[in-house]
Amino acid sequence: MENRLARLEAVQAMLLEIGQLSASCTDITEFIGAVHRALGRIMYAENFYVALSEREDGTVRFVYFVDTVDQGPSPDERVALASPEQSPTAWVMLNKQALSMTSDEERARENGNTWGQGSVAEHWMGCPLLDQQHEVLGAIVIQSYIPEHTYSEEDQALFALIANHVSNALQGMQSMDRLERAVQERTAALAREVAERRRAEQVQHALYQIADLSASVLDTDVLAASLHRIIGELMVAKNFLIALTHPDRGELSVPYYADERDSYRPNQRFPLGAGMVSYVLQTRQAQLHDAGSIARLRAAGKVREPLGNIDVASWIGAPMLVHDKAYGVLVVQSYDPAILYTKTELDLLAFIASHVAVALARMQADRAIRTAKEHLETQNAALNLALTQLQEAQTELVRQEKLASLGQMVAGVAHEINTPLGICVTATSHLVQELKLTKEELAAGQMTEESLDGFFDVVDQSLRIMTTNTQRAASLVRSFKQVAVDQSSDNIRNFNLGKYVGEILLSLQPKLKGRPVKVQIDCPADLELNSFPGAVSQIVTNMVVNSLVHGFERGQPGNITIRARLEDDDTVAFEYGDDGAGMDAETLSKLFDPFFTTKRGSGGSGLGAHILYNLVTGSLGGSLRAESSPGKGLQYHLRFPRKLRKAGEPALGLS
């Protein structure tokens, strides 16, 4: 009786210890080891293991395994869960039931087939570990290989009770473990992201330095030394070489090198086609090699005479190409077996080499320009003046091209305003003359009621004529002013699309005047936009002008239709179409190409549709599609947001 009471007290102490351990212990293996030691104080537990289920892939891990006969798997090894017929542990887990069996019972169950792995125990006892939803967490097993140590029904009941407490503790610890693993995985992902961003920033900074050097450095030797420092910030580059090509002489020169074993004279020349640098130039591809692969290239005859020490641990070379023209090769190599380059470093060096090639091309072009300029200045000062005048003329042509659309609008509107203003001047002159005559009659005392009434009629008629024509002129000026301001600025503002398109068409009246082309607008009166009105003005202007130049011959009647609607709260559908000449599929495929026109020399610059496409996809942030066939006219289908956010403005609902 006293032994039983002492055992119950030991069990109670063990259960209390399990509860305390689950609250303080964060390592599952350490926790189960403590349970094993506590279990050994109340029953025989020399052979004890715990298997935990990995639900995501249907495997188990034997996180704790102590056995006097067999050796268990590694705690981190994932083992495929067997079927209940193959393993007593799997039977316990899949049936969610406790199992106790002696060696005789196990042999009888096996019936000639092996049930489980490992040695046959004198007594085997296992219990499932279940969570609160009765889902399997794993199994806890205790076994004895000694006939003197078997487990009674009381032992089995105590073991089941302990398994239940271990299940509760493991559920909490696994939840914490999953959370910690998730945090660790997220932290690792963030660390990789930070490293990638830092790497990208370093590469961007390196490219900025290269661009800055190409603009400020005139000497290739200075550029090469700076390149070594820049590349050394991105990778280990103790051994660095830059080789430049001289195709006219069939040679390579080395303006800069840094090598731990070899030495070269500055700008030493080497024959083209002999070494590894020449092999890179021949293949036009970046190369990654070691001593073995270099030896194989030599054996294959692809590299005849490698220059310098070939006992390298790792070698990378990247060609400097611009439009398939080779300017040289960048080489980085390592003699240290601990420093081996990978495809990452190879791709990075190739990326840097392409930008260095552009820098070299720019420097060579600058030198050529300076040489030519100096030669021209030396030969003929007058020719230099002519060149300057030509450059000024080119600048002026560019400026005039930019203002061409606005200038044509000014000329047209000025012509249109001339008529109402001329009428106003005539009416004013006539009114002044009548006023003079009336004053003379009044001074001579010859004023009659009839002549006064006639004067009032003239005044009334003249004022009506002046009012009507000044209002017409004001309307033209107003329309021109708004459209002109919008075309010369890039500000976002609120405007009514239908009214604004009407103002644009009013400013285009000089081009439409005398042409039997009708323009119809179908736009909701309440369609308000917060966008770039200048872009909308330029788009509509280019569409109408293109129709007049390419779609309709002069004197040919036609129709232009402009439709707009709101597809949803944020997207405007803008449709433009004419019933003009149209175009075939080949011409349509080149419609938005710059400088493509079918009317070169007849008013077509080849930039109208190209500018239109860039404004829709760029400034308005939308999409553009064109449809056409011969004789069926041309239709544009635009989709763009109704509201554009200004730079720096937060998205809706965010602060």
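Residues numbered from 1 in each chain as written. Predicted model: local features only at pLDDT ≥ 70, side-chain atom pairs only at ≥ 80, totals over all residues. Heavy atoms only, no water.

**Student:** Would you explain the nonpolar core in this entry?
**Tutor:** In globular proteins that are soluble, nonpolar side chains generally tend to be buried together. With 39 residues, the main nonpolar core has Leu-497, Phe-574, Tyr-636 and Leu-638 as its most contacted residues. Breaking this core down by element, the ones donating at least two residues are α12 (497-507), α14 (533-551), β16 (558-566), β17 (571-578), α16 (608-619), β18 (623-628) and β19 (634-641). Considering each element in turn, this core owes the most residues, seven residues, to α14. If we ignore the near neighbours within four places in the chain, the residues touching Leu-497 are Cys-523, Leu-527, Leu-529, Val-536, Ala-564, Val-572 and Phe-574. Within the second largest apolar cluster, 37 residues are counted, among which are Val-50, Ile-140, Ile-162 and Met-173. (Core = buried A, V, L, I, M, F, W, Y, C linked by side-chain atoms within 4.5 Å. Buried < 20%, exposed > 50% of the residue type's maximum accessible area, 1.4 Å probe, protein only. Helix = DSSP H or I, 4+ residues; strand = E, 2+ residues; numbered from the N terminus. Contact = heavy atoms within 4.5 Å.)

**Student:** Hey, could you run me through empty space enclosed by the protein in this one?
**Tutor:** Gaps between atoms show up when a probe of the same size as a water molecule is rolled over them. If you walk through the whole model with that rule in mind, you get two cavities of 30 Å³ or more. There is about 40 Å³ of room inside the second largest cavity. Residue lining of the second largest cavity: Val-536, Ile-539, Val-540, Phe-574, Leu-620, Leu-638 and Phe-640, and that is the complete set. Those elements that provide at least two residues to the lining of the second largest cavity are α14 and β19. The greatest single-element share of the lining of the second largest cavity, amounting to three residues, is contributed by α14. Grouping the constituent residues of the lining of the second largest cavity by class yields seven nonpolar, no polar and no charged. (1 Å grid on protein atoms, 1.4 Å probe; cavity = no way out; pocket = protein on both sides within 12 Å on 5 of 7 lines; lining within 4 Å. Points joined across faces, edges and corners; volume = space filled by probe spheres on them. Nonpolar A, V, L, I, M, F, W, Y, C, P; charged D, E, K, R; others polar.)

**Student:** Would you take a moment to explain helix α9 (residues 343-379) for this structure?
**Tutor:** For an α-helix, the turn length of 3.6 residues means that residues three or four places apart are oriented alike. Taking 1.5 Å per residue as the helical rise, α9 with its 37 residues ought to reach 54 Å, and the 53 Å between its terminal C-alpha atoms agrees with that figure. Listed as buried for α9 are Glu-345, Leu-346, Leu-348, Leu-349, Ile-352, Ala-353, Val-356, Ala-357, Ala-359, Leu-360, Ala-361 and Met-363. (Expected span 1.5 Å × (residues − 1).)

**Student:** Can you walk me through the packing of aromatic side chains in this structure?
**Tutor:** Each aromatic ring pair is summarised here by two numbers: the centre-to-centre distance and the angle between the ring planes. Overall, the coordinates contain nine aromatic pairs when judged by the stated rule. A centroid spacing of 5.9 Å and a plane angle of 65 degrees characterise the contact between Phe-48 and Tyr-64, whose relative ring orientation is edge-to-face. Of this pair, Phe-48 sits in strand β1 (residues 47-54) while Tyr-64 sits in strand β2 (residues 59-66), and the two are 16 residues apart along the sequence. By the burial criterion, Phe-48 is buried, and Tyr-64 matches it. Ring plane angle 50 degrees and centroid distance 6.1 Å describe the contact between Phe-240 and Tyr-256, whose orientation is recorded as tilted. Of this pair, Phe-240 sits in strand β7 (residues 239-246) while Tyr-256 sits in strand β8 (residues 251-258), and the two are 16 residues apart along the sequence. What links up through ring pairs into an aromatic cluster is the set Tyr-49, Phe-62 and Phe-65. (Phe/Tyr/Trp six-rings, centres within 6.5 Å; stacked < 30°, edge-to-face > 60°.)

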